4 protein chains.
Amino acid sequence: MADATSIKELPSLTGLHQRRNPLEENPFFHPSHGFYITPSDVVLSQVVYDLSDASQPHVAYHRAGPRREILYEPSSVKAAIVTCGGLCPGMNTVIRELVVGLWELYGVREIYGIPAGYRGFYSMEAVELNPKLVHNWHKKGGTVLATSRGGFDLCKIVDAIQQNGYNQVYIIGGDGTMRGAVKIFDEVSRRKLEVGITGIPKTVDNDVGIIDRSFGFQTAVEMAQEAISAAHVEAESAVNGIGLVKLMGRSTGHIALHATLSSRDVDCCLIPEMGFYLERKGGLFEFLEQRLKDHGHAVLVVAEGAGQEMIPRTESQKQERDESGNLVFLDVGVWLKSALKEWWEREHPKELFTVKYIDPTYMIRAVPANATDNLYCTLLAHSSIHGVMAGYTGFVSGPINGNYAYIPLEEVAQTKNEVNTSDPKWAWVRSVTNQPDFETNFKG
Amino acid sequence: MADATSIKELPSLTGLHQRRNPLEENPFFHPSHGFYITPSDVVLSQVVYDLSDASQPHVAYHRAGPRREILYEPSSVKAAIVTCGGLCPGMNTVIRELVVGLWELYGVREIYGIPAGYRGFYSMEAVELNPKLVHNWHKKGGTVLATSRGGFDLCKIVDAIQQNGYNQVYIIGGDGTMRGAVKIFDEVSRRKLEVGITGIPKTVDNDVGIIDRSFGFQTAVEMAQEAISAAHVEAESAVNGIGLVKLMGRSTGHIALHATLSSRDVDCCLIPEMGFYLERKGGLFEFLEQRLKDHGHAVLVVAEGAGQEMIPRTESQKQERDESGNLVFLDVGVWLKSALKEWWEREHPKELFTVKYIDPTYMIRAVPANATDNLYCTLLAHSSIHGVMAGYTGFVSGPINGNYAYIPLEEVAQTKNEVNTSDPKWAWVRSVTNQPDFETNFKG
Amino acid sequence: MADATSIKELPSLTGLHQRRNPLEENPFFHPSHGFYITPSDVVLSQVVYDLSDASQPHVAYHRAGPRREILYEPSSVKAAIVTCGGLCPGMNTVIRELVVGLWELYGVREIYGIPAGYRGFYSMEAVELNPKLVHNWHKKGGTVLATSRGGFDLCKIVDAIQQNGYNQVYIIGGDGTMRGAVKIFDEVSRRKLEVGITGIPKTVDNDVGIIDRSFGFQTAVEMAQEAISAAHVEAESAVNGIGLVKLMGRSTGHIALHATLSSRDVDCCLIPEMGFYLERKGGLFEFLEQRLKDHGHAVLVVAEGAGQEMIPRTESQKQERDESGNLVFLDVGVWLKSALKEWWEREHPKELFTVKYIDPTYMIRAVPANATDNLYCTLLAHSSIHGVMAGYTGFVSGPINGNYAYIPLEEVAQTKNEVNTSDPKWAWVRSVTNQPDFETNFKG
Amino acid sequence: MADATSIKELPSLTGLHQRRNPLEENPFFHPSHGFYITPSDVVLSQVVYDLSDASQPHVAYHRAGPRREILYEPSSVKAAIVTCGGLCPGMNTVIRELVVGLWELYGVREIYGIPAGYRGFYSMEAVELNPKLVHNWHKKGGTVLATSRGGFDLCKIVDAIQQNGYNQVYIIGGDGTMRGAVKIFDEVSRRKLEVGITGIPKTVDNDVGIIDRSFGFQTAVEMAQEAISAAHVEAESAVNGIGLVKLMGRSTGHIALHATLSSRDVDCCLIPEMGFYLERKGGLFEFLEQRLKDHGHAVLVVAEGAGQEMIPRTESQKQERDESGNLVFLDVGVWLKSALKEWWEREHPKELFTVKYIDPTYMIRAVPANATDNLYCTLLAHSSIHGVMAGYTGFVSGPINGNYAYIPLEEVAQTKNEVNTSDPKWAWVRSVTNQPDFETNFKG
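Residues numbered from 1 in each chain as written. Chains lettered and ligands numbered in written order. Predicted model: local features only at pLDDT ≥ 70, side-chain atom pairs only at ≥ 80, totals over all residues.

### Things to note about the overall build of chain A
Inference 1: The number of helices and strands found in chain A is 15 helices and 17 strands.
Inference 2: For chain A, the C-alpha radius of gyration of 24 Å lies close to 22 Å, the compact-globule estimate for 444 residues.
Inference 3: Once the C-alpha set of chain A is aligned to its principal axes, its extents read approximately 80 × 55 × 40 Å.
Inference 4: Looking at chain A residue by residue over its 444 residues, the buried ones come to 60%. (Helix = DSSP H or I, 4+ residues; strand = E, 2+ residues; numbered from the N terminus. Rg over C-alpha atoms; globule rule 2.2 N^0.38 Å. Buried ≥ 20, exposed ≤ 12 C-beta atoms within 10 Å, placed from the backbone.)

Take a look at the structure:
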C-alpha cells in the first residue's frame, strides 16, 4: 500500500518543541487505543476506480485528528478567529467550536475574535472570546463577529498579527479569502513568525474543491425547499403559471441541483455549468410551452450564475467590474422573468400568463445551521484545532470521502468544485425533470 | 491498481439476454461520456489507511449506476415493492422514486405495491402503482403501502412471487427484513426463477453496516433537536431540573450521539455501546449532582437500548422474548426517571427536584424526509433500479465513502454498524459534554 | 336592551319554503339546547364605550350559525365556489370546509368549483367537488381551484349561474371581488333568481372592515417573522448593516405592524397610514444614523403601500394605471434600498454600509394556513353554509368582537380597516421601536 | 348607555398622589387624541344577545391602557415579577415586556425577578432585570426566572415584599397562583402597604374565565398539530392502526378541541366536559371498530383530564391527593392504550392491530410563543403596567371580546372557562369528526 501512495505534505512550524497533548491529563478523557492520529494515517483522495484503466498511483492526505504530541504550550497560545465574505449557515458554530475546543480540550485561554473580516485586523478592536460568551452562538444565523468583503491589506494584517502576538490564526471565508490566507501564510513564513495559519472554507455554493462539501450547504438546500414549494403553489394556483426561483451559485449549480432533486416540484433547473437558450427548437420556451400545455403550470429553478452571458448589458454594465476584475453579475431572475413575459405576450397575447419570481437568498443564508451542518461544523473546527496544535500550518481541514483530512491551503484555494454535467447525478436531474439537454439540442 | 484489489462479486440473473438500455432512446436524455457505469468501475471499501501498516489488499464493490446493456425487456418487467418493519423518514420517497424511475427511465409499466409488509404478499391484494399516483408521496411521512412486523412465511411469499409473475422484487426493511430477503433470494435461486431481488436497508437507527449511513437518519437527528431543546427548557425553568430524552437506537447509539453533538444542550449521552452505572464514584448520579450544583439543571439523552441489563425485570419480563428469541426491551427512560427520583429523594429529601421525561420516538420517525434524505432516497432508489435492470440480484445499493455501490445482500444482512467508542468521534462527544468515561472509571 | 338596538338586516330569498334542518336527523348529531341560532340572536358591533359620552344606540348584526328551519331542499342545491384575486393562506381550507360542510351537515351532493376566478364561470369547465377529493386540501397553500384577477363580466357570469342552475354561490376574494359580488347579487335579484350569494372576504392585508380580522392574516404575520429574522441576522453580521423587509399591505399596514410587535427585532416600521420622510430633522435618515451609531445595525419593515407618493415616477409610470384607474404601485423596497445607499454614499463615503433587502411576499402568502387560521376558516365556511341554507343572501360571514355574525355584503364591500395611528396599538409600536413620530416631527 | 351599565370596580391604591404620565415627555412619543384611556372607558362583557329576552343590564369592565395621570413616581418604583406553576409558551415574553415597558415607557429602573415561583420571595436572591438582559427572552421557551409549584407561605411572602420594599408585584401563574395572589392582595391591604398587586393568568389549558383566551394557548394548539400528524401517519402506515394523542387539559378540553378542528385528521376527540364510555352500544369501541372497517385506521385525541373517573385506581392511588386535596391525576393515555389493546385482543385475536401513543406535553409547552402569542403577551404586559402605574391593584389584565380590560383579581380566580358542549363550536367538532354523542347515546 505505502509504496504506491503519494502523500500531500503539509507545512509545519519549526521553531517549537514537541510536548504531550494535554488531553492525556483531562480527567474525563482517557484516550484509548485508536484515539490519536499519527502522521502515517492517511485518507485516500480517490475512491472510485475503473479497474480496466492502467494502474494509477494513489494520492493521500494526512488524516485529521488529535496528535499525541503537540507543538504549542497551551498557556502560550494566542488565537485569532476571523470571518470574511458573505453569510453562510454554520459560521457561528465554527467560531463557537473553535473557542470551546481550544478552551476545553487544550486549555487555551487567550482567544480573540477579529471583527468584520480582514479589515478588522488593523482597524478594529478584537473581542475576547470564551466558552460562556459563545455558548449559544450555534443557534444563531450569520456571524456574531460580523463580516465584510475586501479589506485585504496584507502588510497591515501581518503587522497586526505580529503586534498582537497572535500565534494561531483561524480564517473562515470563501475562495477569495482562502487566496488571501495563502498570502498571509507566505508572508508569515517570510517573516519567520511561528504562527499557525489555517483556513476553513465557507461557501454556501459548495464550490470549494477537494473536500466533500462545504458547511452550511445542506442547510441551504433544506431552506431552498420552502422557496420552491411557494413557487410551486403560486404556479399551480394560476392559469399558465410559472414559478421562478433564483438560488445561490455564482459559478456552480450545486444548490440548484440538490434543491431540485430534493423537491421534485421543479420542471427545469438551470445552472452555470450547462448553457441554455430561450428561443429555437429545443430551447427553454419550447419546453415551457409544452409543460404549460400538459400541466397548466411549471416551476423553474435558476442558479444566479446561469445565463450571465445572455443578459443584455447597458454600456455602464459593460464597464462595471468587481474587485477581481470580472464583469459584475446581473440578476438572472429579473431578466428571465421579463424575458418570459415578453415571449408569452408575443406568442399568446390573449391568454392569461403569470410569472412569480422568488429570490430567497437572504432567507436561506441567514438561518442557523441545521443538525447535520452543526455536527459538521463541530468536527471541522475540532479538526482545525488539532492540526494547528500539532504544528501544521498553511492547511485546510475537511472531509474527503467522508473522513476528515488536512489539505494544503494553496491546493484548496486553487481548486473549484463544479457540477459534472456528464455524470449520473446531473443525468438524474434531467431524468427527474425531463428537461431539455440544451447542449446536445443546440449542437443537434 | 487492479492487481491488488479484490472485488465483491454480485449474483446475476442468467437466463436473460442483453439488450440496449432504453435510456439511449430517451429524447431528453443523451448519455454522454462517463454516463454509463461498466463492470470494472468500483468503489473502494476502505479510504483511511495507516501507511506504516503492512500492505493491505484493497477491497472494492461494483459501482452503482446505469449500464449500457440491460437484461430485462422493460415491457416484460413486473415489479413488486414491499415495506416491512417500523417507520422511518423517507420510505415513501424510496417507493415513489422506484415507481417513477422504473416508469420514466426504463418504460416499465407494471409496478405493484405489496401492502403491509411480507404478509401482504400472500394475504392481501397488491396495489398498482404509477407516477401520477405516487406524485406527492415524498412529502408524506410513514409508508403509504403500510407496513407490519413479522409475517415472514418464505414458502408462501415465493409462491406469491411466482404466481403473480413478479420478476423484480424491491424489499425495503430493517435487518430482520434483510435476512428474510436473503432467504427469498436463496429460494428464488433454488427454484431457478428469473427474479431480481434487491434489498434497501431501512433503519432509522443507522445500524446497518458497510454503507455510509441509512436513509432517514439525518431527518431523525434533525427532529431529535426539538425534543432535546424542550427538555433543556424544562430543565432550565426548574430548580434542580433534569430533562431526560429517550431516542431511538436499540443496539447502537448513532441518533443519540449525533443529536448530542448537534445540539450542545446535552450534559450526558448514554448509548448501548458504552456501559454506565448509577451509584458509586464516577457514576451517573455523582456526575449529575455536580452538574446541578454548577448549572442548576442538566439534560440527559439515552438511547433506547442503553442500560437494558440494569433494569430490574419482573418474573414475567424474564420470560418474555421477542420473535427472535431475545428478551423484550424495557423502557429505559421510565426506569431512569424513577431511579433519578428515588436517588434525589434519598439524598436530598428537602430540596426541590424535577425530572421531565420526553419520548419523541413517534414524532421523529413519522415525519417526511428532509431535503438531504429525500435526495439520498432518490439516488438509492435509482441505483437499485439500474442494478436490477442490469441483471444483478441478491444485492443492496448504498453509498460507500460517498459513492453509490452494489453490495451482496448477505453481507449487509450480517454486518452491524456500531458506534466505535474508541475513535475520535465518541471522544468528541465526551469532550463536548465532559461526561464521565464510565468504563474507565469503573475499572479504575 | 332590544329597544335601543338597531339590527343590520339581511336580504333573504323569498320564493322557497321553510323546512326542517336535516341536522335534526343526523345520527351523530343531537342538537341540544342552545345549538340553534334564532333571528333574534345578535352580536353587538361595538364593545368599547366611553360612558361619559351621550348615550349611543347599539348596532347589532345577526348571529351566524345553524337555524332550525332552512329554505333549501338539500337535494335541490347546486352550489358553486369561486376564488378570485391573489393568494392567501387558508383559501383551500375554506373551499374544503364548504364542500365537507355542505355534504356532511346538509347532505348536499352537487358542489362545483369554478376554476381561475370570475372568468371561470363563463370560460372554463367547472370541477365537481366532494369530501374525498378535498380531503387534504387544508394542508396545501394557494387554491386548488386556481385564481386570477379581473375577468369580471357581469352578464356572462350571471348567465352562467342561470344556465348551470347554481342556486348557491360562494365567492372568496378581496375588496374588488366583493364589489363584484354585490353586482352579481343585484343582478341575480333583478332577474328574480332564487340564488343565495355569499361573500367570504379574502385579504391577507387584513384591510377588510367590520370583521375582526381576515383569514390567513395570522399565518402571514407568523411567516413574516422568518424574513425579519433573516434581515436582522444580515444586519447584525455587517458593519453599519441595514436589513430591509417589505411586507404586504397596499393600503394598510396591519401585517407590518403585527410582525413588528411580534418580532421585536425591528427598529422602524413604515405603514401607509403614517407618512414618513427621509431627509431633514426627525426624518428616517437621522433616525437610522443614530441607530447605527448606537447599535451598529438596524432593521426596517415597510408595508408595500407606504411612501408611494415619494417614489419618483418615470413618464410612463405616471400614465400606467391599474384596472380600477389608480396609478400602478411602485416597489417601495427597491426605491428605499437605493435611497439608503445614495444617502450613505453622500454622507459617509468612506465607511462601510450594507443594505440587504428581502421581499418575502410569495413565501408568505403561498403557505398553508396555520392552526389558528385553519380553525378560523372552518368556522367561517360553516357560518356561510348555515346562512345560505337558511335563506340569507347578499351577505358576508365573519367574527365581530369574537362572535360570528352575518353582515350585509354591500357594507363589507365599502368599509376599509385601516391602522388607527392614534390608538394605543400604534403607540405600542412606537414605544417598542422608539421610532420617530414622523407626522408630529414634520409639523413641529 | 351609561344608565343601564354596571361597571366592575377595581381596588386602587390610596396613599399616593396623582402625577403626570411621563409618556408625555417621551421625545418619540406624542400622545395624540384617543391615546389615553379614561376611567369612563369601558369594555362590555357581553356581546351576544337574544333580543327576544327581557332587557338585561350591561356589565362592563374598565378598559386597559395608559392613563394621563398616574400614581407612582417612576423613580420610587421597585417592581417584582414572579412566575409560578407549569410552563406555558410566552412566559418569557411577558417578563421581557414587563421589564422593557416599565423601563422604556415609565422610566422605572428597579425591576426584580423572583426566582423559582412563590418560594423565591423568601428563600432565594432576586435577580435585577433590565432591557439589555431580557432583550432576547421572547425567543426562548420556558421561564428564565424559573418556576415551581407550591411554596406559598403567605406571611413570608408579604414579609419579603415589605422588607425588600417592592411596591409593584406582577404575578404570572395559573388558577392556584391567582388564588394566592388574592391572598397576597388581601394581606397587603390589611397591612396597609402601598403595593400594587396584579395577576397575569398563565394557563396553557385556556381554562381561565372572563378573558377571551390565555397566552400560549394558540402556540400550544399549533404545536399539537405535529403530534396529531405523527399519530395519523403511524395509524395510516399500519393495519388497523390507532394513533392516540394525549393533550393538555386537566379540567377543560380547549386544546384538544381546537387541535382537532385545526387538524382534520382526528376521528374522535375526548374532553373532560363530555363523558364517554368504552363498551356497549354507542361507545368508543363500537365507533372505532366501524372506523377501522371503513378507513383502516383512526386517530384519537384525549385531553388529560378526560375519563379520570373510569381509570381503575390501586389502593394507594385512592389515597394519593394533591396539594389541594384532590385525587391525583392518572395517565388517561396509558390506560386507554392498554384498554384498546385488551379489547382488540378479545374481539379480534387473530387480526393485526397497533396503537401508537404520543404524549407531546413537554414538547408543546416548552416552545417559545409564536407571533400571535408574542403580540398578545406584549399587549398583556403593557396593559398590566399601565394599570399598576395608574394605581389599580388586585386586578388582572386581559382581552374581553377582543379589547383589553381590567378585571378584579378575585373574579378571575373564581371563574373557570369550560368547553360548552351544547354550543355550536362543540357541535362543529362532532360534525367534523362524526364522533358519537356519548351522553345522548348513553341516555338513549
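There's more to say after this.
### Notes on the environment of Ala227(B)
Inference 1: Turning to its location among the elements, Ala227(B) is positioned in helix α6 (residues 217-236).
Inference 2: Look at Ala227(B) and you get buried, because 26 C-beta atoms sit within 10 Å.
Inference 3: C-alpha separation for the pair Ala227(B) and Gln46(B), spaced 181 residues apart in sequence, amounts to 36 Å.
Inference 4: The contacts of Ala227(B), once residues within four sequence positions are left out, are Val245(B), Ile358(B), Pro360(B) and Met363(D). (Contact = placed C-beta atoms within 7 Å.)

### Some details on the packing of helix α6 (residues 217-236) of chain D against helix α7 (residues 254-263) of chain D
Residues and elements named next belong to chain D.
Inference 1: Interaxial distance between α6 and α7 falls to 9 Å at its minimum, and their mutual angle equals 60°. With respect to each other, α6 and α7 are oriented oblique. In terms of crossing hand, the pair formed by α6 and α7 is right-handed. Contacts between α6 and α7 pair Phe217, Ala220, Val221, Ala224, Gln225 and Ile228 from the former with His254, Ile255, His258, Ala259, Ser262 and Ser263 from the latter.
Inference 2: Residues of the contact of α6 with α7, tallied by class, amount to 7 nonpolar, 5 polar and no charged. (Axes fitted to C-alpha atoms, helices over the stretch in contact; angles between N-to-C directions. Parallel < 35°, antiparallel > 145°, perpendicular 65-115°, else oblique. Left-handed = near helix turned anticlockwise from the far one by under 90°. Nonpolar A, V, L, I, M, F, W, Y, C, P; charged D, E, K, R; others polar.)

### Quick look at the relation of the copies chain A and chain B
Inference 1: Note on the identical chains: chain A maps onto chain B by a rotation of 180° and an axial translation of 0.0 Å, with an RMSD of 0.0 Å. Taken together, the rotation and translation describe the operation of a two-fold axis. When C-alpha distances to the rotation axis are compared across chain A, the minimum falls at Asn401(A), with a value of 2.5 Å.
Inference 2: Taken as a fraction of all interface residues of chain A, those also at the interface in chain B reach 100%, which identifies the copy contact as same-surface. (Least-squares fit on C-alpha atoms with pLDDT ≥ 70 in both.)

### Comments concerning the sheet that holds strand β14 (residues 297-303) of chain A
Residue and element names in this part refer to chain A.
Inference 1: Read from one edge of the open sheet, 4 strands run β13-β14-β12-β15, paired in parallel fashion. Only two strands of the sheet have a single neighbouring strand rather than two, namely β13 (268-270) and β15 (354-358). If you compare each strand with its neighbour and ignore which way they point, the axes differ by 15° on average.
Inference 2: Relative to β15, strand β12 (residues 241-247) runs parallel, the two being bridged by 5 bridges. For Gly241, the partnering residue across the bridge sits in β15 and is Thr354.
Inference 3: Contacting β12, β13 and β14, helix α7 (residues 254-263) crosses the sheet at an angle of about 150° to β14.
Inference 4: With respect to the sheet, helix α8 (residues 284-295) is in contact with β12, β13 and β14, its orientation differing from that of β14 by roughly 145°. (Pairing = 2+ DSSP bridges.)

### Side note on helix α1 (residues 91-106) of chain A
Inference 1: With 16 residues, α1(A) ought to run about 22 Å at 1.5 Å a step, and its terminal C-alpha atoms sit 22 Å apart, in line with that.
Inference 2: The buried fraction of α1(A) amounts to 15 of the 16 residues, a majority that puts the element mostly inside the structure. (Expected span 1.5 Å × (residues − 1).)

### Looking at the relation of the copies chain B and chain D
Inference 1: Mapping chain B onto chain D is achieved by rotating through 180° and translating by 0.0 Å along the same axis, at an RMSD of 0.0 Å.
Inference 2: A share of 100% of interface residues in chain B that are also interface residues in chain D marks the association as one of identical surfaces.

### With respect to the interface of chain B and chain D
Inference 1: Taken together, the contacts link 25 residues of chain B with 25 residues of chain D.
Inference 2: Elements supplying a minimum of two residues to the side of chain B that touches chain D: α6, β15 (354-358) and α11 (361-365) of chain B.
Inference 3: A class-by-class count of the residues in the side of chain B that touches chain D yields 15 nonpolar, 6 polar and 4 charged.

### What about the packing of helix α4 (residues 154-164) of chain B against helix α5 (residues 175-190) of chain B?
Residues and elements named next belong to chain B.
Inference 1: α5 packs onto α4 with a crossing angle of 60° between their chain directions and a minimal axis gap of 10 Å. Judged by the inter-axis angle, α4 sits oblique to α5. Where α4 crosses over α5, the two elements pack in a sense that is right-handed. Of the residues in α5, those in contact with Leu154, Ile157, Val158 and Ile161 of α4 are Lys183, Ile184, Glu187 and Val188.
Inference 2: When grouped by side-chain class, the residues that make up the contact of α4 with α5 number 6 nonpolar, no polar and 2 charged.

### Quick word on the UniProt feature "binding site: Mg(2+)" (unreviewed entry) in chain A
Residue and element names in this part refer to chain A.
Inference 1: The feature "binding site: Mg(2+)" (unreviewed entry), as annotated in UniProt, sits at Asp175 in this numbering.
Inference 2: Relative to the assigned elements, Asp175 resides in helix α5 (residues 175-190).
Inference 3: What makes Asp175 buried here is the crowd of 22 C-beta atoms within 10 Å.
Inference 4: Apart from residues no more than four positions distant in its own chain, Asp175 is found in contact with Thr203, Val208 and Ala413. (UniProt positions renumbered as here; feature names shortened; annotations may be inferred.)

### Describing the interface of chain A and chain B
Inference 1: Facing 60 residues of chain A, the contacting portion of chain B comprises 61 residues.
Inference 2: At the level of secondary structure, the elements contributing two or more residues to the side of chain A that touches chain B comprise β3 (41-44), β4 (48-50), α1, α6 (217-236), α7, α12 (371-389) and α14 (424-433) of chain A.
Inference 3: Per-element accounting of the side of chain A that touches chain B gives the leading share, 6 residues, to α12(A).
Inference 4: In terms of residue class, the side of chain A that touches chain B is made up of 22 nonpolar, 28 polar and 10 charged.

### Focus on the sheet that holds strand β13 (residues 268-270) of chain D
All names here are of chain D.
Inference 1: A sheet is described by the order of its strands in space; here 4 strands give the open sequence β13-β14-β12-β15, paired in parallel fashion. A strand with exactly one partner marks an edge of an open sheet, and here the two such strands are β13 and β15 (354-358). For this sheet, the mean angle separating the axes of adjacent strands, direction not counted, is 15°.
Inference 2: Relative to the sheet, helix α8 (residues 284-295) contacts β12 (241-247), β13 and β14 (297-303), its axis offset from that of β14 by approximately 145°.
Inference 3: Lying over the sheet, helix α10 (residues 332-347) contacts β12, β14 and β15, oriented at roughly 160° with respect to β12.

### Overview of the confidence of the model for chain A
Inference 1: In this model, chain A carries an average pLDDT of 91, and 94% of its residues clear a pLDDT of 70 or more.
Inference 2: Scored by ipTM, the complex comes to 0.93, with pTM at 0.95. (pLDDT = per-residue confidence, 0-100.)

### Some thoughts on the UniProt feature "active site" (unreviewed entry) in chain A
Residues and elements named next belong to chain A.
Inference 1: Summarizing the sequence annotation, UniProt attributes the feature "active site" (unreviewed entry) to Asp205 in the numbering used throughout.
Inference 2: Counting through the fold element by element, Asp205 comes out in the loop between β11 (196-201) and α6.
Inference 3: Asp205 gets classed as buried once you count the C-beta atoms within 10 Å, which come to 28.
Inference 4: When near neighbours in sequence (up to four residues on either side) are disregarded, Asp205 contacts Met248, Gly249, Arg250, Thr252, His254 and Ile255.

### Observations concerning the arrangement of the chains
Inference 1: As for chain C relative to chain B, no contact occurs, and the smallest C-alpha gap between them is 11 Å.
Inference 2: Separated without contact, chain A and chain D have their nearest C-alpha atoms at a distance of 11 Å.

### A few points about the domain arrangement of chain A
Residues and elements named next belong to chain A.
Inference 1: Partitioning chain A into structural domains gives domain 1 (5-214 + 369-414) and domain 2 (217-366).
Inference 2: Each side of the interface is counted separately: domain 1 has 18 residues, and domain 2 has 15 residues.
Inference 3: In terms of residue class, the side of domain 1 that touches domain 2 is made up of 5 nonpolar, 9 polar and 4 charged. (Domains from an automatic or database assignment.)

### Here's the deal with the environment of Glu9(B)
Inference 1: For Glu9(B), the position within the fold is in the loop between β1 (5-8) and β2 (19-20).
Inference 2: A C-alpha to C-alpha distance of 10.0 Å links Glu9(B) and Tyr392(B), two positions 383 residues apart in sequence.

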